[in-house]
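Listed below, chain by chain, are the residues.
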Amino acid sequence: MRLSLTARTLAGGLLLALVVGATIALLALRIDRTQHASERQDRSAETIAAANRLEQSVLDLETGLRGYLLGGDDRFLQPYREAEARYPRQTSQLVVLTADEPAQHERAEAIRAAVVHYHGSWTRSLVDLSHRNLAGARKLEASGAGKEMVDAIRGRFARFLAVEQQIARGEQRSAERGSKAARTLAFAAIGFAFLATLVFVLWLHRGIVLPVRRLGRAAHAIAGGVLSTRVADDGIAEVRTLKQSFNVMAAALEANRDELEAQNAELEGQQLEIEQTLENLAAEQHKLARISDFAGGLVGMPSLAQTADFVLDRLCAVAGAEIGTLYGSGVSSPHELVLRAVRGIGYDEVSEVLPPVGLAARAVQQRGVVTTAYGESELRLQSFNGEVHVRDELHVPLLRGDSVVGLVSLARVGERHFTPTEIDLIDRLATLAGVALEQARSLTHAERLASLNRTLIEAMPDGIRLLDLDGTVLSENPAMGGLAVALGVGSTNVYGSADDVAEQMTDPDGYRASLDALRDDPAAEGSFEFTVRASGRSFRRHSVPVVDGGGRAVARLFVLHETTQERDLDRLKEEFVATVSHELRTPLASIVGFVELLLGGEPGPLTGDQGEFLEIVRRSSQRLHRLVGDLLFVSRVDARQLDLEREEVRLDEVARASVQAALPEARRRDVELAAELVPLPAIHGDGARIGQVLDNLLSNALKFTPAGGRVTVATEASETGVAVVVSDTGIGIPEDEAERLFRRFFRASSAIDAQIPGTGLGLAITKAIVDAHAGTIAVSNRPGGGTVFRVELPIAHPLREAA
Amino acid sequence: VTDAQPLVLIADDDPDLRTLVTYRLEKSGYAVIAASDGAEAMELAVERLPALCVLDVMMPRLDGYELTRRLRANEATSRIPVILLTARSQEQDVRQGFDAGADDYIRKPFSPDELRARVQVVLGRR
């Protein structure tokens, strides 16, 4: 395991501290012990001194006593008294001093007991005796018993002191030994610490200072430019890491330097290229300046002719060409190139339309520049400079996208060919010119169209008005201006003034509703007719939305058409028809009535001829009557006054009734009338009118079928309803006339040829009735001669509302 | 003209038609008085109180519809039956006549015999 530098340093320091600490502890222990020995020695000395003092006191007791006894004088008892007062304290002191030494302590206690015994039981008794019997006391004393006691005590002291002295000597030796050992230990510890410090310092020197110094030298070398410098990547922990990092850094620096040197070399190479490019750019810039100048000039051109002149002028200048022509698309015929500008040559010397062959035409076909150099005498041109020789020609098409919108031809007289640079520049200018020329042409075209539109709108007798979606009037034509003033609707917003304007109309509510509908739905389209109450003038307002490219309504157009005259005409016609029908019918009523009276024989008998002639008058007047009825019917259809009843109608029953009614006529004409009627579901319609249809068809069929022929009426269910088919074996109808057959007053050529009378109104009326029922009527030729009419009526169809 | 003959008032601005109707009705046993316009017819009706009026629709001054309305409005003439003679034949015209109070109508041109038949029917109904 590799330990970090910190760990190692810490470990070393810790070890040293441990050794020093242990040494100091040991020394302290030693000194303590020596001190202890010395203390014991001192106490032994004190103990000995105390023992000696006590022994002296005991001796004082004995000698004092003895002296007293001997002398018999109380004064001699003085030492005894002093010893008697002194010894208890001394015995206690001795006992205390020996407290740590049990054996000596015991001896000390024994000494105290012996001393106390000697004093109490012996000496004090003798003193007391002496006061009463001095002699006895002397005798007792002389017995030597006291002396023996003291000697015993002294023996005890002798043993005690001997032991105590022995102890004192032992302690002294011990103290001497301890101090000696401490000295030795201290020396040893100092030596060890010195050695250990030395080792640590050496280690630091070798492991850190030296590597760092080497790194410093290496860094210095790198700073001096020697980037290949490296250090051995050994050593301990952080130092090793430091060295490795240093090496990495040095390597990176070296790599960077190498790269920089390579780039430098490259840059030097590019320097030359840049210089070359700059030269090219300068040339290009010059070219661009001319192009930009050209483009700037084009922008300001006010007209197509001026644009063409400008383009040709500049191209000639750029090309150094003396002669030039420019063809451009026709204003309203973009596919034709027509002469627009010339230079150095007269208009009448060149074709007005670009010739379809030649170099110019080739340039158009190729959509690219065509150049050619002629010999000295190949092409001569008459110019106001006289006759000139053309040496070089250049034809450049003017393009807009892929389409050719013009062609410029340039020609040089001088001794110089067109250079690629010139051709390139001309080609680029031509692109701009193409765009500008086409825009100018479009503009001219648009202006012409706008002018045409304006003229049309202004010349229009109908009023035209353009509104935005909010009803604000954007523009209107003069006719509308006049009408607006006449109508009092000359406001700026149509919807805003709708209420006021509506009040002037005969139908204010309808007028308002019609405007509301247009305002609410910008995409709505429709017509509305209104009449101004005061003037009685009528107008039809047609309105269409104006949509943008995406089909979204953005504005609204009103076209106001005065219908006063049309209405007047309609009214006149109605009045005319009503008058005619009345004025014709009244005399007819007289004719029919009187003829009938005459034929009835009441006024008097008639001769055979008279009767026959009156019968003719009667038939003719009846035809006239029918004709008046038909005319009236047709006029009602025109006026949309054809009222239809709504009822359940069975077509087969209506057909049966009509066949029944026609039977006498068929018999009279000797025509076979057959009915093939199948029951059919009821339809909604006007039974009388449908009967009229069948009557007409049957009457026609009988009329156009020669005697001996056959007429068939058949009913059948059709896809959407019911159908009735009337077929005959008559004279037929030419196929090319079938379509016109239902027109008013049209009569088939076959009918005219056969001189069969008729008004040409019957089928028109028939078709009008069928149409009013939302049905269809068709005519076809029957195989083998004759005609087939087929009428189909839908079952479920609401009747057209009569207006 | 006897009292037994019912009196018929006819009004028409066309003299030929007046002649035709007068002839037909007189031959059929009726007494006839004629007026040439609506106003005159109104005066005659109030004055003579006919049993029946045969009135043209389109007349000057007062048309047949209005005349019928006035006859109905006048207490003296309100119960006199009215037959209208009309050159019009539209359904709405017919309705207009009945709305005004007419009892029947005859379209022009008409058959004199039909006129006689209708007159008999209207008079017989009363």
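Parameters at a glance
One numbering rule holds for all chains: residues counted from 1, following each sequence as written. All chains are assigned letters beginning at A, and all ligands numbers beginning at 1, according to the order in which they are written. Selection of residues for local features in this predicted model requires a pLDDT of at least 70, selection of side-chain atom pairs for listing and counting requires 80 or more, and totals for whole chains, interfaces and linings are taken over all residues. Excluding hydrogens and water, the side-chain values take into account all heavy atoms of the structure. Secondary structure follows DSSP: runs of H or I at least 4 residues long count as helices, runs of E at least 2 residues long count as strands, and numbering of each begins at the N terminus. Note on exposure labels: buried denotes an accessible area under 20% of the residue type's maximum, exposed denotes more than 50%, and partly exposed covers the range between, all computed with a 1.4 Å probe on protein chains only. Residues count as neighbours in contact if any of their non-hydrogen atoms are within 4.5 Å of one another. Areas reported here follow the Shrake-Rupley algorithm with a probe of radius 1.4 Å; residue values treat only the protein chains shown as occluding. Polar contacts here mean pairs of N or O atoms no more than 3.5 Å apart (in protein, one a potential hydrogen donor and the other a potential acceptor; neighbouring residues in sequence count only if both atoms are side-chain atoms). Only residues whose relative accessible area exceeds 30% and that take part in no salt bridge are eligible for patches, with like-charged residues grouped when within 9 Å of each other and nonpolar side chains (Val, Leu, Ile, Met, Phe, Trp, Tyr) grouped when within 5 Å. Salt bridges are defined as contacts in which a side-chain nitrogen from Lys or Arg sits within 4 Å of a carboxyl oxygen from Asp or Glu. Defined in terms of a 1.4 Å probe, buried area is the accessible area two parts forfeit on being brought together, summed over both. Take the buried Ala, Val, Leu, Ile, Met, Phe, Trp, Tyr and Cys residues and link them wherever side-chain atoms come within 4.5 Å; each set so joined is a nonpolar core. pLDDT is a per-residue confidence score from the predictor, ranging from 0 to 100. Orientation is described by axes fitted as lines to C-alpha atoms, over the contacting stretch for helices, and by angles from 0 to 180 degrees between their N-to-C directions. Orientation categories follow fixed angle ranges, with anything under 35 degrees roughly parallel, anything over 145 roughly antiparallel, 65 to 115 roughly perpendicular, and all other angles oblique. The handedness criterion is simple: a crossing whose near helix is rotated anticlockwise from the far helix by less than a right angle is left-handed, and one whose near helix is rotated clockwise is right-handed. How far a helix is expected to stretch is found by multiplying one less than its residue total by 1.5 Å. For two strands to count as paired, DSSP must find a minimum of two bridges between them. A pair of Phe, Tyr and Trp rings is counted when the ring centres sit within 6.5 Å of each other, with Trp represented by its six-membered ring. The angle between the planes then sorts it: under 30 degrees is stacked, over 60 is edge-to-face, the rest tilted. Whether a charge lies above a ring is judged from NZ of Lys or CZ of Arg, which has to be within 6 Å of the ring centre and within 35 degrees of the ring normal.

Visitor: Lay out the overall build of chain A with the relevant residues and their values.
Guide: Helix and strand counts for chain A stand at 18 helices and 19 strands. Burial statistics for chain A: of 803 residues in total, 37% are counted as buried. Of the contacts formed within chain A by residues at least 6 apart in sequence, a portion of 62% connects residues at least 24 apart. Carbon together with sulfur atoms contributes 56% to the accessible area of chain A, which is approximately 44600 Å² in total.

Visitor: Could you give an account of the side chain of A:Thr229, naming the residues involved and the relevant values?
Guide: All names here are of chain A. Inspection of the secondary structure puts Thr 229 in the loop between helix H5 (145-223) and helix H6 (237-299). At 2.7 Å, the side chain of Thr 229 and the backbone oxygen of Val 226 are in polar contact. Contact partners of Thr 229, with chain neighbours within four places excluded, come to Ala 218, Ala 221, Ile 222 and Ala 250.

Visitor: Can you explain a nonpolar patch on the surface? Please cite residues and give values.
Guide: On the surface, A:Phe194, A:Leu195, A:Leu198 and A:Leu202 cluster together into a nonpolar patch covering about 430 Å² of accessible area. Along the chain, the position of A:Phe194 falls in helix H5.

Visitor: So what's going on with the interface of chain B and chain A? Which residues, and what values?
Guide: Between chain B and chain A, the residue contacts involve 21 residues of the former and 17 residues of the latter. In this assembly, chain B packs against chain A so that about 1700 Å² is buried in total across both faces, 57% of it on carbon and sulfur atoms. The interface formed by chain B and chain A includes 1 salt bridge. The closest approach of N and O atoms between B:Arg24 and A:Glu602, which form a salt bridge, is 2.3 Å. There are 2 residue pairs in polar contact (both at pLDDT 80 or more) connecting chain B and chain A.

Visitor: So what's going on with the nonpolar core? Which residues, and what values?
Guide: Residues and elements named next belong to chain A. Counting residues in each nonpolar core, the largest one holds 47 residues, and the members touching the most others are Val 713, Leu 741 and Phe 789. Elements represented by at least two residues in this core include exactly helix H14 (608-638), helix H15 (651-669), helix H16 (687-703), strand S16 (710-717), strand S17 (721-728), helix H18 (762-772), strand S18 (776-781) and strand S19 (787-794). The element that contributes the greatest number of residues to this core is H16, accounting for 7 residues. Phe 310, Leu 315, Leu 429 and Leu 437 belong to the second largest nonpolar core, which has 31 residues in total.

Visitor: For the confidence of the model for chain B, give the residues involved together with the corresponding values.
Guide: All names here are of chain B. Residues of chain B with pLDDT of at least 70 account for 92%, and the chain-wide mean is 87. Across chain B, element-level confidence peaks in strand S1 (residues 7-11) with a mean pLDDT of 95 and bottoms out in helix H4 (residues 91-100) with 78. Confidence estimates for the predicted assembly give a pTM of 0.43 and an ipTM of 0.81.

Visitor: Requested: an account of the packing of helix H1 (residues 5-71) of chain A against H5(A), with residues and values cited.
Guide: Residues and elements named next belong to chain A. H5 packs onto H1 with a crossing angle of 165° between their chain directions and a minimal axis gap of 8 Å. The orientation of H1 with respect to H5, classified from their angle, is roughly antiparallel. Considering the relative orientation of H1 and H5, their crossing is left-handed.

Visitor: Account for H1(A), with residues named and values stated.
Guide: For H1(A), with 67 residues, the first-to-last C-alpha span of 97 Å sits near the 99 Å given by 1.5 Å per residue. Of the residues one or two after H1(A), A:Gly72 is the one with positive phi, at around 75°.

Visitor: Please give an account of the sheet that holds strand S11 (residues 538-547) of chain A that cites residues and values.
Guide: All names here are of chain A. If you walk across this open sheet you meet the 5 strands as S9-S8-S12-S11-S10, and the pairing is antiparallel. The two strands at the open ends of the sheet, each matched to only one other strand, are strand S9 (473-476) and strand S10 (526-531). Going across the sheet, the axis of each strand differs from the next one's by a mean of 25°, ignoring polarity. In the sheet, strand S8 (residues 463-468) pairs with strand S12 (residues 553-562) via 6 bridges, with the strands oriented antiparallel.

Visitor: Lay out unusual backbone geometry in plain terms, naming residues and giving numbers.
Guide: Here the amide bond leading from B:Lys108 into B:Pro109 is cis, since omega sits at -10°, within 30 degrees of zero. Here B:Pro109 shows up in the loop between strand S5 (104-107) and helix H5 (112-125). Of note in this structure, A:Asp670 is not a glycine but carries a positive phi near 60°. Inspection of the secondary structure assignment puts A:Asp670 in the loop between H15 and strand S14 (672-676). Overall, A:Asp670 belongs to the exposed group, its relative accessible area being 51%. Residue B:Arg61 is not a glycine yet carries a positive backbone phi of 70°.

Visitor: Give me the environment of A:Ala341: which residues, what numbers.
Guide: Here A:Ala341 shows up in strand S2 (residues 337-343). Note: C-alpha distance between A:Ala341 and A:Gln306 (35 residues apart in sequence) is 8.9 Å.

Visitor: Now, about the confidence of the model for chain A: what can you tell me, with residues and values included?
Guide: Per-residue confidence for chain A averages 85 on the pLDDT scale, and 96% of its residues sit at or above 70. Mean pLDDT across the elements of chain A ranges from a minimum in strand S4 (residues 380-383) of chain A, with 58, to a maximum in S16(A), with 93.

Visitor: Mind laying out the packing of aromatic side chains, listing which residues take part and the relevant values?
Guide: Residues and elements named next belong to chain A. Summed over the entire model, instances satisfying the criterion amount to 8 aromatic pairs over all chains. Relative to Trp 203, the ring of Phe 200 has its centre 6.0 Å away and its plane inclined at 20°; by these criteria the two rings are stacked. Of this pair, Phe 200 and Trp 203 are both found in helix H5, 3 residues apart, which corresponds to roughly one turn of the helix. Judged by relative accessible area, Trp 203 falls into the partly exposed class, the value being 25%. Ring centres 6.3 Å apart and planes at 65° place the aromatic pair Tyr 511 and Phe 528 in the edge-to-face group. Of this pair, Tyr 511 sits in helix H12 (residues 508-520) while Phe 528 sits in strand S10, and the two are 17 residues apart along the sequence. No difference in accessibility class separates Tyr 511 from Phe 528, as the two residues are buried. Within the aromatic cluster, the residues linked to one another by ring pairs are Tyr 511, Phe 528, Phe 530 and Phe 539. The ring of Tyr 511 carries Arg 541 above its face, with NZ or CZ at 5.5 Å from the centroid.

Visitor: Residue-level account of the pattern of salt bridges, with values.
Guide: All names here are of chain A. According to the stated counting rule, one finds 51 salt bridges over all chains in the structure shown. A salt bridge links Asp 499 to Arg 512; the shortest N-O distance between them is 3.0 Å. Note that Asp 499 is positioned in helix H11 (residues 498-502) and Arg 512 in helix H12, a separation of 13 residues in sequence. Classification of Asp 499 as partly exposed rests on a relative accessible area of 45%.

Visitor: Go over the pairing of strand S7 (residues 403-412) of chain A, please, and point to the residues and values.
Guide: Residues and elements named next belong to chain A. The buried fraction of S7 amounts to 9 of the 10 residues, a majority that puts the element mostly inside the structure. With 9 bridges joining them, strand S6 (residues 392-400) and S7 adopt antiparallel strand pairing. Residue pairing across strands places Leu 398 opposite Gly 406, the latter belonging to S7. Hairpin geometry of S6 and S7 is characterised by an intervening segment of 2 residues between the two adjacent antiparallel strands and by a positive phi of about 70° at Gly 401.

Visitor: Account for the sheet that holds S17(A), naming residues and giving values.
Guide: All names here are of chain A. Taken together, the 5 strands give an open sheet; going across it, the order is S14-S16-S17-S19-S18, and neighbouring strands pair in mixed fashion. Edge positions in the open sheet fall to S14 and S18, since each of these has one partner strand only. Across this sheet, the average inter-strand angle for adjacent strands is 15°, counted without regard to direction. One ladder, built from 7 bridges, connects S17 with S19; its direction is antiparallel. Residue pairing for S19: Val 724 is matched across the bridge by Val 791.

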